[in-house]
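What follows is the residue order along each chain.
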Amino acid sequence: QKEVEQNSGPLSVPEGAIASLNCTYSDRGSQSFFWYRQYSGKSPELIMSIYSNGDKEDGRFTAQLNKASQYVSLLIRDSQPSDSATYLCAVRPGGGADGLTFGKGTHLIIQP
Amino acid sequence: GAVVSQHPSWVICKSGTSVKIECRSLDFQATTMFWYRQFPKQSLMLMATSNEGSKATYEQGVEKDKFLINHASLTLSTLTVTSAHPEDSSFYICSARVAGGPGETQYFGPGTRLLVL
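1. Overview of the overall build of chain B
Helix and strand content of chain B: 0 helices and 11 strands. What you see in chain B, going N to C, is helices and strands ordered as β-β-β-β-β-β-β-β-β-β-β. Rg of the C-alpha trace for chain B: 13 Å, near the compact-globule value of 13 Å for 117 residues, within the 12% margin. If one aligns the C-alpha atoms of chain B with their principal axes, the spans along those axes are about 40 × 25 × 20 Å. Taking all 117 residues of chain B together, the buried fraction comes to 49%. Within chain B, residue pairs in contact and separated by at least 24 positions form 54% of the contacts whose partners lie at least 6 positions apart. For chain B, the accessible area works out to roughly 5800 Å², and carbon and sulfur atoms hold 53% of it. Positive and negative charge centroids in chain B, built from 10 and 9 side chains respectively, lie 5 Å apart.

2. A look at the layout of surface pockets
What the second largest pocket holds in volume is close to 590 Å³. Lining the second largest pocket are 24 residues, and of these Gln38(A), Gln38(B), Pro40(B), Lys41(B) and Gln42(B) sit closest to its centre. Where the lining of the second largest pocket is concerned, the elements lending two or more residues are β9 (85-92) and β11 (106-111) of chain A together with β9 (90-97) and β11 (112-116) of chain B. Broken down by class, the residue content of the lining of the second largest pocket amounts to 9 nonpolar, 11 polar and 4 charged.

3. Details of the interface of chain B and chain A
Across the contact, 21 residues belong to chain B and 19 residues belong to chain A. Summing the contributions of chain B and of chain A, the shared interface buries around 1500 Å²; its carbon and sulfur component is 52%. Broken down residue by residue, the surface that chain B buries against chain A is led by Ser43(B), Glu104(B) and Phe108(B), which jointly contribute 32%. Our count for the chain B to chain A interface comes out at 0 salt bridges. Elements with a minimum of two residues in the side of chain B that touches chain A: β4 (32-38), β5 (45-51), β9 and β10 (106-108) of chain B. If you tally residues by element for the side of chain B that touches chain A, the top one is β4(B), at 4 residues. For the side of chain B that touches chain A, the residue count by class is 8 nonpolar, 10 polar and 3 charged.

4. Remarks on the sheet that holds strand β8 (residues 76-81) of chain B
Residues and elements named next belong to chain B. Strand order in the open sheet formed by 4 strands is β1-β3-β8-β7, with antiparallel pairing between adjacent strands. This sheet does not close on itself; its edge strands, each paired only once, are β1 (4-7) and β7 (67-73). Taking the axes of each pair of neighbouring strands and ignoring which way they run, one obtains an average angle of 15° across the sheet. Across 5 bridges, β7 lies against β8 in antiparallel orientation. Along β8, the bridge assignment pairs Asn70 with Thr78.

5. Quick notes on unusual backbone geometry
A cis amide bond links Gly9(A) to the next residue, Pro10(A), at an omega of 10°. For Pro10(A), the position within the fold is in the loop between β1 (4-5) and β2 (11-14). A cis amide bond links His7(B) with the next residue in sequence, Pro8(B), at an omega value of 0°. By the secondary structure assignment, Pro8(B) is in the loop between β1 and β2 (10-13). In this structure, Asp78(A) takes a positive phi of about 50° despite not being glycine.

6. Details of the environment of Gly9(A)
For Gly9(A), the location among the structural elements is in the loop between β1 and β2. Placed 62 residues apart in sequence, Gly9(A) and Tyr71(A) show a C-alpha to C-alpha distance of 18 Å.

About the cut-offs
- Residues numbered from 1 in each chain as written.
- Chains lettered and ligands numbered in written order.
- Predicted model: local features only at pLDDT ≥ 70, side-chain atom pairs only at ≥ 80, totals over all residues.
- Heavy atoms only, no water.
- Helix = DSSP H or I, 4+ residues; strand = E, 2+ residues; numbered from the N terminus.
- Rg over C-alpha atoms; globule rule 2.2 N^0.38 Å.
- Buried < 20%, exposed > 50% of the residue type's maximum accessible area, 1.4 Å probe, protein only.
- Contact = heavy atoms within 4.5 Å.
- Areas by Shrake-Rupley, 256 points an atom, 1.4 Å probe, with all protein chains shown as cover.
- Lys, Arg positive; Asp, Glu negative; His and termini not counted.
- Charge placed at Lys NZ, Arg CZ, Asp CG, Glu CD.
- 1 Å grid on protein atoms, 1.4 Å probe; cavity = no way out; pocket = protein on both sides within 12 Å on 5 of 7 lines; lining within 4 Å.
- Points joined across faces, edges and corners; volume = space filled by probe spheres on them.
- Nonpolar A, V, L, I, M, F, W, Y, C, P; charged D, E, K, R; others polar.
- Buried area = accessible area lost by both parts, 1.4 Å probe.
- Salt bridge = Lys/Arg side-chain N within 4 Å of Asp/Glu carboxyl O.
- Pairing = 2+ DSSP bridges.
- Axes fitted to C-alpha atoms, helices over the stretch in contact; angles between N-to-C directions.

Encoded structure:
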């Protein structure tokens, strides 16, 4: 079974610090990787997508992908209290599958 | 851009009744839509993939006769939960993929909370 693993947390980070979120996946054929943010009671909203090894930066967010290690991470710089949410790692498996496989999410708390 | 709506946002029904949930892409065409389900404190689980004009593809363990999916146009997919039971109570979320757009990004609707009494 294709799996996506995340530490459920909670991960507590002081305001202004860097929050580091990690994710591993089991399917080596996976090609597309996504980070979504989900506030309590709401649906996920896309933060970033990444398809190639290396880093991808978008504002305060940096996604990192290492396909050899089957590892994806998300860094949030200058963390704000509004960043407090559950962060979901999602992977599009290989083999022609279209839907996403989600991790259980990491609950992030930014302490003012 | 890339806005997805769902209706209704909340539904409470009696056991044994059927419930229809609509998912619309408002400002783009979506050849493919997806239906997910999320139980409390769990992650999203893909239920089925819906392609416009063809039959939906269901994930293992999802009953196709219970969860009827229709994707009749490039902007609308519907999920009907037939003969709903309390164990079907969940947060149902659809997503849509931009037809011909860059990458494979899925945009999620706001979700529908179903409570079966």
